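# Summary of the model geometry
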Amino acid sequence: MKAQAFRRAEKVTNKSSYRIIYEQGVRRSSRFFTVILCGNSMGVRRLGITVTKKTGKAVFRNRLKRLIREFFRRNKDLFPAGHDVVVMTRKNIPPLTYSEAARELTELFSRKTGR
RNA sequence: GGAGAAGAUCAGAUGAUCGCGGGCGGAUUUUUAUCCGCCGGAGGAAAGUCCGAGCUCCACAGGGCAGGAUGGUCGCUAACGGCGACUGGGGGCAACCCUAAGGAAAGUGCCACAGAAAAUAUACCGCCCCGCAUUUGCGAGGUAAGGGUGAAAUGGCGAGGUAAGAGCUCACCGCUUUUCCGGCGACGGAAAAGGCAUGGUAAACCCCAUCCGGAGCAAGACCAAAUAGGAGAACGUUUAAGGGCGGCCCGCCUGAUGUUCUCGGGUAGCGUCGCUUGAGGCGGCAGGCAACUGCCGUCCCAGAUGAAUGAUCAUCGUUGCGCCGAGGGUAACCGAAGCGCAAAACAGAACUCGGCUUACGAUCUUCUCUCGCG
RNA sequence: GGUCCCAUCGUCUAGCGGUUAGGACGCUGGCCUCUCACGCCGGUAACCGGGGUUCGAAUCCCCGUGGGACUA
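Note that this is a predicted model, so its numbers are computed, not measured.

Glancing now at the pattern of salt bridges. For the coordinates displayed, the defined rule picks out five salt bridges. Among the ionic pairs, E104 bridges to R31, the shortest N-O distance being 3.9 Å. Within this pair, whereas E104 is found in helix α3 (residues 98–114), its partner R31 is found in the loop between β1 (26–29) and β2 (33–39), the two being separated by 73 residues in sequence. By relative accessible area, which is 60% here, R31 ends up exposed. In this structure, R74 and E70 form a salt bridge, with 3.4 Å as the shortest nitrogen-oxygen distance. Taken together, the residues R74 and E70, both in helix α2 (residues 58–74) and four residues apart, mark about one turn of the helix. What makes E70 partly exposed here is its relative accessible area of 24%. Through salt bridges that share partners, E70, R73 and R74 make up one connected network.

Now for the packing of aromatic side chains. Per the stated rule, a full pass over the model turns up seven aromatic pairs. With centroids separated by 6.4 Å and ring planes inclined at 25°, the aromatic side chains of F71 and F109 adopt a geometry described as stacked. Remark: F109 occurs in helix α3 and F71 occurs in helix α2; sequence separation between them is 38 residues. On the basis of relative accessible area, F109 is assigned to the buried category, the value being 2%. With 4.9 Å between their ring centres and 80° between their planes, F72 and F79 make a pair best called edge-to-face. The same class applies to F72 and to F79, which are both buried. Joined through ring pairs, the aromatic side chains of F6, F71, F72, F79 and F109 make up one cluster.

Quick look at the nonpolar core now. Residues F33 and F109 are the most contacted members of the largest nonpolar core, which totals 22 residues. Looking at this core, the elements that each hand over two or more residues are β2, β3 (46–50), α2, β4 (83–89) and α3. Sequence-distant contacts of F33, defined by excluding residues within four places in its chain, comprise R28, I68, V87, M88, T89, R90, L96, E104, L105 and L108. Counting six residues, the second-largest nonpolar core is a separate cluster that includes Y18, I21, I36 and C38.

Right, let's talk about the sheet that holds β4 for a bit. Ordered by their spatial adjacency, four strands build an open sheet running β1-β2-β4-β3, and the pairing between neighbours is mixed. A single partner strand is all that each edge strand has here, and the edge strands are β1 and β3. With strand direction ignored, the average angle separating the axes of adjacent strands in the sheet is 20°. In this structure, β1 lies alongside β2, joined through four bridges in antiparallel fashion. When the bridges of β2 are listed, S29 appears paired with T34.

Parameters at a glance
Residues numbered from 1 in each chain as written. Chains lettered and ligands numbered in written order. Predicted model: local features only at pLDDT ≥ 70, side-chain atom pairs only at ≥ 80, totals over all residues. Heavy atoms only, no water. Salt bridge = Lys/Arg side-chain N within 4 Å of Asp/Glu carboxyl O. Helix = DSSP H or I, 4+ residues; strand = E, 2+ residues; numbered from the N terminus. Buried < 20%, exposed > 50% of the residue type's maximum accessible area, 1.4 Å probe, protein only. Phe/Tyr/Trp six-rings, centres within 6.5 Å; stacked < 30°, edge-to-face > 60°. Core = buried A, V, L, I, M, F, W, Y, C linked by side-chain atoms within 4.5 Å. Contact = heavy atoms within 4.5 Å. Pairing = 2+ DSSP bridges. Axes fitted to C-alpha atoms, helices over the stretch in contact; angles between N-to-C directions.

Below you can see the structure in the form of structure tokens.
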């Protein structure tokens, strides 16, 4: 079993799940991202990404989604087990490199676990 | 060297590590799922959704009105509002570029302000003549050359002519009509006659010619079990509105309701199909000025669905700047190799094609003008 | 993904080929009042961008830009 893989089971895929997470989850924001955390009954940590059209053009949106997926894949230990996590992007994000995005997200999650 | 014009090509490459989605083959207990191997995985615009088609459903896609689109000619094409060649007009010194480019003597409308007058014409300042007065002035008439207004003023310019003038007459140019020649045609050229008639605006209504039925893959088709709505057939009742059908009319299809019998499928479900072999790409030959077409060979080249094609590192290559500087040159200057730093645009398939438009980084080829030197 | 609509002062709007681009709210100067409010007089400030048609464009046509709506 590959340790850093990102499978379909680890992805939030349907609309009803998203609705539950939006309604019941706990929110936490940084400068560029908003994270919503919510427990699930499957015992797997799952990732969902929401990038609206207000964030930018299609190329930029795709890049943000890839960066967030990459971060999840490499830093699964930061994410609490058995929880769904939805990462939303906020407005007016400058072009980011992977290291910048990773620093921002690491800070966000370490703050959360410290509480 | 500088300023331009036209066209073509590419869209950094290779490797390593960790990943993503698809196809084929195999394995783990069958599907789901997981693992292994192999194969391939964004664009010239994938974008805007501005046109045209295929495909699917709505009757078989029908008729009329309304509405919309196009508008030089000839061709190309499945089709087009696209493309090619040619013609007319406009711009540029030029290479070359732009062009909604039918009809204003079918009709209607509009042309502000200014100006006498903005389209049946007409006369402000003028000019000329006659009568009265006789120093300017007043009245009647002729005229449209000149002035003034305007975006635009009733052919232009010269000569004759006249009281002054006027296509009133004449030459040239323009215009209209007719004839001839060239061209498939748009149109071009020539001659003769007319004697100026016909201001502009159709991206104003409109007329003429040609074309268009409507919706869109969220179209549409299918699926295990369970329950009601529902569907079909027969019979009875009611005879008349409703629905399919995009605006309206016609036309076509379907009646409505009750009872009995028979049938079975609506659904946001990590569903299935549609879903990628196509007016396809590449190469060659032939036809054509070209757009394009025909024949032969060869290749299979993304199919996701909270939506894959990525991240990091290394090396090499490209470009720019700086340092150094072999070498060339009388000089200004041009500069190979090397080192360092920096940059690499616009942008992400969503049923599929053909165009158009817009965004944008380079490189190369051909051509034009100009400056300097020889 | 698809189908449509809109854009005028800071805000809400009128305008349908010739306007000094009008009005209301706002902001602001003055008058009134012992002062404030109300009222009266005045000022401020706009046609989303670029081409074209026309003598003339906010208006007509084309291409962009930015917003919004509907559709499972």
